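Secondary and tertiary structure notes
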Amino acid sequence: MGFLRNRIVGITLAGAVALGSAGTGSAAMETAKKKEEPKVKNVIMMVMDGTSSSATTLARWYKGEPLAMDQIVSGGVRTYSAESAITDSAPAATAMATGRKSNSSYIGVLPSKVNTPGVEKVREKDHYRPVANVLEGAKQKGKATGIIATSEIQHATPAGYSGHHKDRNNFEVLGEQQVYQNMDVVLGGGKESLQPGTKDKSRKDGEDLVKVLKDKKYDFVETKDQLLKSKSKKIWGAFSQRDLAYDMDRRATHPEQPTIAEMTKKSIQTLSKDKDGFFLFVEGSKPDWAAHQNDPIGMISDVLAFDNAVKEALDFAKKDKHTMVIAVSDHGNSGISIGNSNTTKGYDTTPVSAYVDPLKKAKMTVEGATGKLKDDLSNIEEAAKLYGLDDLTPAEKEQLKSVKNKKEAASLFTKLLSNRANIGFTTGGHTGEDVFLYSYGPEKPQGLVENTDIAKTMAKAMGFNLDKLTNELFIEAKQAFKKAGASVTIDQKDPANPVLVAARKKAKAEMPVNKNIIRINGKEYELDSVIVESNGSFYVPKEAVQLFKKYAR
């Protein structure tokens, strides 16, 4: 009878609602429709680089409670590239930023080789052609934009959302393009690649991009305190010459650096002031670096740090109601397994503590621990203890004595600790498995998707088409200016800073490569995209040709 009574009440209430709705007419229907289809104003795209699902699982066991990401698991992502079942970070970033598969090392340009089944072939004339990314699309929509990384900001994944070049290692080109993309907030490492100098990654073209940034009215900050105190709408944070410290090491080695969660929170606070909304890209870069070293402590350290950043994004999105949050790994790495040859027999009775307790003893990652080694390695046992290797057996002590340098020490440390914790590794490189998709908010992607679908979903939610945007921002310069009655040459007086020159009668336009500038008869204009050279061809935004037609008389 109780069930029947509930059913009658439910039907009665439903009828009352229906009658009430009929009285308000189409206005009520419109209101209901708006509630069903909430508008996406902001997009936060987050990548934990090189993180296999086993690494995330291990981090959860280590933490001893659910992750923030757990509440928004929504599907899986296929990660292969145009040429391999196992992707490099550059084509992975390109896929998730532009909606196009590409080749190893290629950033924001089309592939020259396609041999993976099911991947669309590319015409030869379009090989290496730059293609628009979602951050560039967000800018065209008037949104504030930002990128964050715990590596150098010029590294492959953040570069995939802010640059275009066939070589991910060309920080000189990618770094300059980032500076001239006019993003609102840029936070990470990589100061060395912004300035001239004699170091490996210093700029060789003589340009001081830190000075350029300050001239562009960025608040250039280098410490956590400076970042958190900044009231500027334009912030560029360079918190290290190269990459930032692992989160577990940071307090001991670089307490002046912000956490990825702090960078995320500050970026959201700054970008959300824009009435048109914002696009923010966030990368936890170093789970990948730890995986390459087979360092489970480094992986756990920065997966948990990344998860804290996801929590910041979700806290904002839940209050805002108009924010899409996507978190994902770009690919697997290391073939990490919870269980190794030690557990071939007895795996089904081996407790969680057998995996976690040995890891809990580590006070630093292998990078942090080996960073404490003296040049003569005389304190190797003390460094090993920092990495959780206490109570050394006679055999382990003998192995430590055979170490000749810090690199060998790092390799041995990770092998010894992984053996104690029953953790296995199959490779020091990337792996090709599908990864989890985490998403939240209106129009979020879900189900098993291609990595290219992520870019397309974000673009659609923000109201633009990536292919159409490419045709607006990257047209082949010689053909475009020829139609405008101009000839095109390349001024290479300074080989490190080539200039595209379009000339017609007495009119001349100069466009420095990797910048968003055009000078027409000496007068300078700012373009809505950077000039890109790719494999010998030059690409300009349609706006450059339009300005030339208008003013070059």
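Scoring rules and cut-offs
Note on numbering: residues in each chain are counted from 1, in written sequence order. Reporting of local features is limited, given that this is a predicted model, to residues whose pLDDT is at least 70; pairs of side-chain atoms are given and counted only at 80 or more, and all residues count toward the totals for whole chains, interfaces and linings. Excluding hydrogens and water, the side-chain values take into account all heavy atoms of the structure. Starting at the N terminus, helices and strands are each numbered in turn, a helix being any DSSP run of H or I of at least four residues and a strand any DSSP run of E of at least two. The globule rule is 2.2 Å times the number of residues to the power 0.38, and the radius of gyration it is compared with is taken over C-alpha atoms. To sort residues, take the accessible area from a 1.4 Å probe on protein chains only and compare it with the maximum for the residue type: under 20% means buried, over 50% means exposed, and anything in between is partly exposed. Contacts are residue-level and defined by heavy atoms, with any inter-residue pair within 4.5 Å sufficient. Here the open area of atoms and residues is found with the Shrake-Rupley method and a 1.4 Å probe, where only the protein chains shown may cover a residue. Whenever a nitrogen or oxygen atom comes within 3.5 Å of another N or O atom, the pair is scored as a polar contact, on the condition that within protein one atom can donate a hydrogen and the other can accept it, and that pairs from neighbouring residues in sequence are kept only if both atoms are in side chains. UniProt positions are given in the numbering used here, feature names are shortened, and annotations may be inferred rather than shown by experiment. In these notes, a set of buried Ala, Val, Leu, Ile, Met, Phe, Trp, Tyr and Cys residues joined through side-chain atoms within 4.5 Å is what counts as a nonpolar core. Note that the domain bounds reflect an automated or database-derived domain assignment. Two parts lose some accessible area (1.4 Å probe) when they are put together, and adding that loss for both gives the buried area. We define a salt bridge as a contact between a side-chain nitrogen of Lys or Arg and a carboxyl oxygen of Asp or Glu at a distance within 4 Å. We call two strands paired when DSSP finds no fewer than two bridges between them. Axes here mean lines fitted to C-alpha atoms, for a helix over just the part in contact, with angles spanning 0 to 180 degrees between N-to-C directions. Helix span is expected to be 1.5 Å times the residue number reduced by one. A patch is a set of surface residues, each over 30% in relative accessible area and not in a salt bridge, joined within 9 Å for like charges and within 5 Å for the nonpolar side chains Val, Leu, Ile, Met, Phe, Trp and Tyr.

**Some thoughts on the overall build of the chain**
Along the chain, the regular secondary structure elements total 22 helices and 22 strands. Taken over C-alpha atoms, the radius of gyration comes to 26 Å for the chain, in line with the 24 Å a tight globule of 553 residues would show. The principal-axis extent of the C-alpha atoms belonging to the chain is close to 85 × 85 × 50 Å. Across the 553 residues of the chain, 54% fall into the buried class. A separation threshold of at least 6 residues defines the contact pool for the chain, and within that pool the share at least 24 residues apart is 70%. If you sum the accessible surface of the chain, you get close to 24,600 Å²; carbon and sulfur atoms cover 50% of it.

**Some words on unusual backbone geometry**
For Tyr 128, which is not a glycine, the phi torsion comes out positive at approximately 70°. Turning to its location among the elements, Tyr 128 is positioned in the loop between α4 (89-98) and α5 (134-140). The phi torsion at Leu 377 lies on the positive side, around 60°, for a residue other than glycine. Relative to the helices and strands, Leu 377 resides in the loop between α15 (366-371) and α16 (380-386). Classification of Leu 377 by relative accessible area gives buried; the value is 11%.

**Here's the deal with the side chain of Ser 102**
With respect to the helices and strands, the residue Ser 102 is situated in the loop between α4 and α5. Residue Ser 102 is classed as buried on the basis of its relative accessible area, which comes to 0%. Here the side chain of Ser 102 touches Val 109 through a polar contact of 2.7 Å, landing on its backbone oxygen. Excluding residues within four positions of it along the chain, Ser 102 makes contact with Ser 81, Ala 82, Glu 83, Pro 91, Thr 94, Val 109, Leu 110 and Pro 111.

**A short note on the UniProt feature "active site" (unreviewed entry) in the chain**
The UniProt feature table records "active site" (unreviewed entry) at Ser 89. Along the polypeptide, Ser 89 turns up in helix α4. The class of Ser 89 is buried, set by a relative accessible area of 3%. In this view, Ser 89 contacts Asp 49, Ala 156, Thr 157, Arg 168, Asp 330, His 331 and His 430; residues no more than four positions away in its chain are not counted.

**Some details on the UniProt feature "domain: Copper amine oxidase-like N-terminal" (unreviewed entry) in the chain**
Annotation from UniProt places "domain: Copper amine oxidase-like N-terminal" (unreviewed entry) at residues 471-545. Regarding residues 471-545, the helix share stands at 19% and the strand share at 45%, and the terminal C-alpha atoms are separated by 13 Å.

**A word on the nonpolar core**
Counting residues in hydrophobic clusters, the biggest one holds 68 residues, and the most contacted among them are Met 46 and Phe 413. Ranked by the residues each element gives to this core, the list is headed by helix α13 (residues 296-320), at 13 residues. If sequence neighbours within four positions are ignored, Met 46 has contacts with Val 282, Phe 306, Ala 309, Val 310, Ala 313, Val 325, Ile 326, Ala 327 and Val 328. Within the second largest apolar cluster, 51 residues are counted, among which are Ile 147, Tyr 180, Leu 194 and Ile 517.

**Considering the domain arrangement of the chain**
Here the domain parsing of the chain yields domain 1 (44-335 + 427-469), domain 2 (346-420) and domain 3 (473-550). Of the residues lining the interface, 22 residues belong to domain 1; the matching set on domain 3 comes to 18 residues. Here domain 1 meets domain 3 over a buried area of about 1,700 Å², counting both sides, of which 48% is carbon and sulfur. Counting the contacts that link domain 1 with domain 3 gives two salt bridges. Lys 515 is paired through a salt bridge with Glu 176; the nearest N and O atoms lie 2.4 Å apart.

**A word on the pattern of salt bridges**
Overall, the coordinates contain 25 salt bridges when judged by the stated rule. Two residues, Asp 243 and Lys 286, come together in a salt bridge whose shortest N-O distance is 2.7 Å. In this pair, Asp 243 sits in the loop between β6 (235-238) and α10 (247-253) while Lys 286 sits in helix α12 (residues 286-292), placing the two residues 43 residues apart along the sequence. Exposure remark for Lys 286: the relative accessible area of 0% places this residue in the buried category. Between Asp 247 and Arg 250 there is a salt bridge; the shortest N-O distance is 3.3 Å. Taken as a pair, Asp 247 and Arg 250 lie in helix α10 at a separation of three residues, close to a single helical turn. Under the relative-accessibility criterion, Asp 247 is labelled partly exposed at 23%.

**Details of the sheet that holds strand β19 (residues 517-520)**
The five strands lie next to each other as β16-β17-β18-β19-β20, forming an open sheet whose pairing is antiparallel. Where the open sheet ends on each side, the last strands, each with one partner, are β16 (487-491) and β20 (523-526). Between one strand axis and the next, the sheet turns by 25° as a mean value, whatever way the strands run. Bridge count for strand β17 (residues 499-504) against strand β18 (residues 507-512) is six bridges, and the pairing is antiparallel. The residue of β18 that forms the bridge with Ala 503 is Lys 508. Where helix α22 (residues 542-551) meets the sheet, its contacts fall on β17, β18, β19 and β20, and the angle it forms with β19 comes to roughly 15°.

**Re helix α18 (residues 406-420)**
Helix length check: α18, at 15 residues, gives a terminal C-alpha distance of 21 Å against a target of 21 Å (1.5 Å per residue), a fit within 8%. Those residues of α18 that fall on the buried side of the exposure criterion are Ala 409, Ala 410, Leu 412, Phe 413, Thr 414, Leu 416, Leu 417 and Ser 418. Residues of α18 that are buried make contact with α13, α14 (353-360), α15, α16, α17 (394-401) and β11 (423-424). Here α18 starts with a cap whose side-chain oxygen sits 3.1 Å from the backbone nitrogen of Lys 407, and that cap is Asn 405. Phi for Asn 422, located one or two positions after α18, is positive at around 60°.

**Regarding a nonpolar patch on the surface**
Nonpolar side chains collect at one region of the surface, where Trp 61, Ile 338 and Val 352 lie side by side and expose about 260 Å² of accessible area between them. Residue Ile 338 is classed as partly exposed on the basis of its relative accessible area, which comes to 33%.

**Describing the environment of Phe 436**
Topologically, Phe 436 is positioned in strand β13 (residues 435-440). In this structure, the C-alpha to C-alpha distance between Phe 436 and Lys 191, residues 245 residues apart in sequence, is 33 Å. In contact with Phe 436, not counting residues within four places along its chain, are Ser 53, Val 73, Gly 75, Gly 76, Val 77, Ala 327, Val 328 and Ser 329.

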